[in-house]
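Chain by chain, the residues:
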Amino acid sequence: MPKTQATPDAPQDTGALRRGLAVIEVLVESIRPLTLHEVAEAVKLTDSTVHRILQSLMEADYVMRDASGKRYHAASKALGSLTMYHPLQILRRDAFEPLRLLRKQTELTSSLVVFIGNERLVVDISGVSGVLTPYYETQLRNPLHVAVSGKILLLNRSPKEQHELLGDGPYEALTPSTITDPEAFQQELEQIVVRGYSTNLDENFIGFSAIGAVVTCGPDQVLGCVMLAGSSTEFTPDTIAEWGKILQDQARLISFSQGARATYNMFSQ
């Protein structure tokens with residue numbers, strides 16, 4: 001009896017894809033080339049299985065060996081998969097000067113976040129030496145109710161969508177300052193609309209705060225937000241009011257950029 005041909009969506013194909021992506025993720029995040037055994041340990045697979053995966057990834061130009069031939073690292077195709085004229089790349093270049101000015105004026109870490117569906121992607125960051133920074137990965141995974149970007153994202157969702165994203169209260173308390181009551185959180189969202197900026201004051205981490213303003217491309221066309229983050233000791237009522245205005249000014253500049261329009265058009269379809 002002839003063997004059954006595997007279909008594109010067969011379980012073994014899905015599993016192989018998942019394992020391959022896991023290997024790429026480990027190599028992309030590593031700060032040095034890794035041995036075969038180190039990669040295998042990281043993805044919890046056998047050395048022989050990872051060896052086959054690495055050979056396939058090298059053939060596809062996603063992985064390379066180092067000069068010793070015994071260690072592996074991500075190739076340029078995996079490290080920089082976007083073309084130079086991808087909308088996100090254009091937006092990154094357009095936002096460079098506004099982020100630099102924000103950093104210079106406030107001596108805080110400035111950043112630009114784009115909303116892709118309900119995901120929050122850090123497009124660029126302008127950090128100050130010696131200042132705390134909240135980022136390591138490009139995708140923000142902290143709960144929406146404790147994040148400047150999360151609050152701005154929620155503001156642009158319907159009440160039903162907000163409930164689906166937040167769930168029933170009380171919300172998880174990460175610090176004593178976290179807003180856990182749904183009614184109090186709705187009042188917080190209403191205040192953001194009134195004052196024009198969102199804050200996170202010790203709500204995610206004690207001693208670390210942030211402030212942000214929405215980036216739009218037109219009425220009801222929310223692209224993301226621009227933010228400032230740093231030590232909570234810097235966040236006084238006066239500085240918060242001052243930074244809120246500065247953020248809104250720079251957010252408007254980014255909103256009018258070619259990259260902002262191209263990015264919005266790409267992800268709003």
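Being a predicted model, the structure only gives us computed values, none of them experimental. (Residues numbered from 1 in each chain as written. Predicted model: local features only at pLDDT ≥ 70, side-chain atom pairs only at ≥ 80, totals over all residues. Heavy atoms only, no water.)

Trainee: I'd like a description of the layout of surface pockets, backed by residues and values.
Mentor: Space inside the largest pocket adds up to approximately 900 Å³. Along its surface, the largest pocket is lined by 24 residues, and Val28, Ala78, Ser81, Leu121 and Thr138 are the ones closest to its centre. Here the lining of the largest pocket takes 5 residues from helix H1 (residues 11-29), the largest share from any one element. (1 Å grid on protein atoms, 1.4 Å probe; cavity = no way out; pocket = protein on both sides within 12 Å on 5 of 7 lines; lining within 4 Å. Points joined across faces, edges and corners; volume = space filled by probe spheres on them. Helix = DSSP H or I, 4+ residues; strand = E, 2+ residues; numbered from the N terminus.)

Trainee: Describe in detail the environment of Leu108, supporting the description with residues and values.
Mentor: Relative to the assigned elements, Leu108 resides in the loop between helix H5 (87-106) and strand E4 (109-116). Residue class for Leu108 comes out buried when judged on its relative accessible area of 2%. For the pair Leu108 and Ala78, spaced 30 residues apart in sequence, the C-alpha separation works out to 31 Å. (Buried < 20%, exposed > 50% of the residue type's maximum accessible area, 1.4 Å probe, protein only.)

Trainee: How would you sum up the packing of helix H6 (residues 148-155) against helix H7 (residues 159-166)? Please name residues and give values.
Mentor: Across the interface, H6 lies against H7 with an axial gap of 9 Å and an inter-helix angle of 145 degrees. Two secondary-structure elements touch here, H6 through Leu153, Leu154 and Leu155 and H7 through Gln162, Leu165 and Leu166. Looking at the contact of H6 with H7, its residues break down into 5 nonpolar, 1 polar and no charged. (Axes fitted to C-alpha atoms, helices over the stretch in contact; angles between N-to-C directions. Contact = heavy atoms within 4.5 Å. Nonpolar A, V, L, I, M, F, W, Y, C, P; charged D, E, K, R; others polar.)

Trainee: Tell me what's going on with the side chain of Glu188, and back it up with residues and numbers.
Mentor: Looking at the secondary structure, you find Glu188 in helix H8 (residues 182-195). Separated by 3.3 Å, the side chains of Glu188 and Lys151 make a polar contact. In terms of polar contacts, Glu188 uses its side chain to reach the side chain of Arg195, at 3.2 Å. Those residues in contact with Glu188, other than ones at most four positions away along the chain, are Lys151, Ile179, Arg195 and Thr199. (Polar contact = N/O pair within 3.5 Å; in protein donor to acceptor, adjacent residues only side chain to side chain.)

Trainee: Which residues make up the sheet that holds strand E2 (residues 63-65), and what are the values?
Mentor: Ordered by their spatial adjacency, 3 strands build an open sheet running E1-E3-E2, and the pairing between neighbours is antiparallel. On the outer flanks of this sheet lie strand E1 (34-35) and E2, each paired with one strand and no other. With 2 bridges connecting them, E1 and strand E3 (residues 71-74) associate as antiparallel partners. Bridge pairing in E3 links Leu34 to Tyr72. In the packing of helix H3 (residues 47-59) onto the sheet, the strands contacted are E2 and E3, and the crossing angle to E2 comes to about 105 degrees. (Pairing = 2+ DSSP bridges.)

Trainee: Could you give an account of the packing of aromatic side chains, with specific residues and numbers?
Mentor: Tallied over the entire structure, the rule returns 2 aromatic pairs. With centroids separated by 5.9 Å and ring planes inclined at 85 degrees, the aromatic side chains of Tyr171 and Phe185 adopt a geometry described as edge-to-face. With Tyr171 in the loop between H7 and H8 and Phe185 in helix H8, the pair connects residues that are 14 residues apart, well separated along the chain. According to the relative accessible area criterion, Tyr171 is buried, its value standing at 9%. By relative accessible area, which is 0% here, Phe185 ends up buried. On the numbers, 5.0 Å between centres and 80 degrees between planes, the contact of Phe235 with Trp243 is edge-to-face. Judged by relative accessible area, which is 11%, Phe235 ranks as buried. (Phe/Tyr/Trp six-rings, centres within 6.5 Å; stacked < 30°, edge-to-face > 60°.)

Trainee: How would you sum up the pairing of E4? Please name residues and give values.
Mentor: Most of E4 is tucked away: 7 of the 8 residues are buried. Pairing of E4 with strand E8 (residues 222-231), which is carried by 6 bridges, proceeds in the antiparallel orientation. Paired with Val113 across the two strands is Cys225, which belongs to E8. Pairing geometry for E4 and strand E5 (residues 119-126), over 7 bridges, is antiparallel. Across the sheet, the residue bridging to Val114 is Leu121, located in E5. Where E4 folds back onto E5 in an antiparallel hairpin, the turn is made up of 2 residues, including Gly117, whose phi is positive at roughly 65 degrees.

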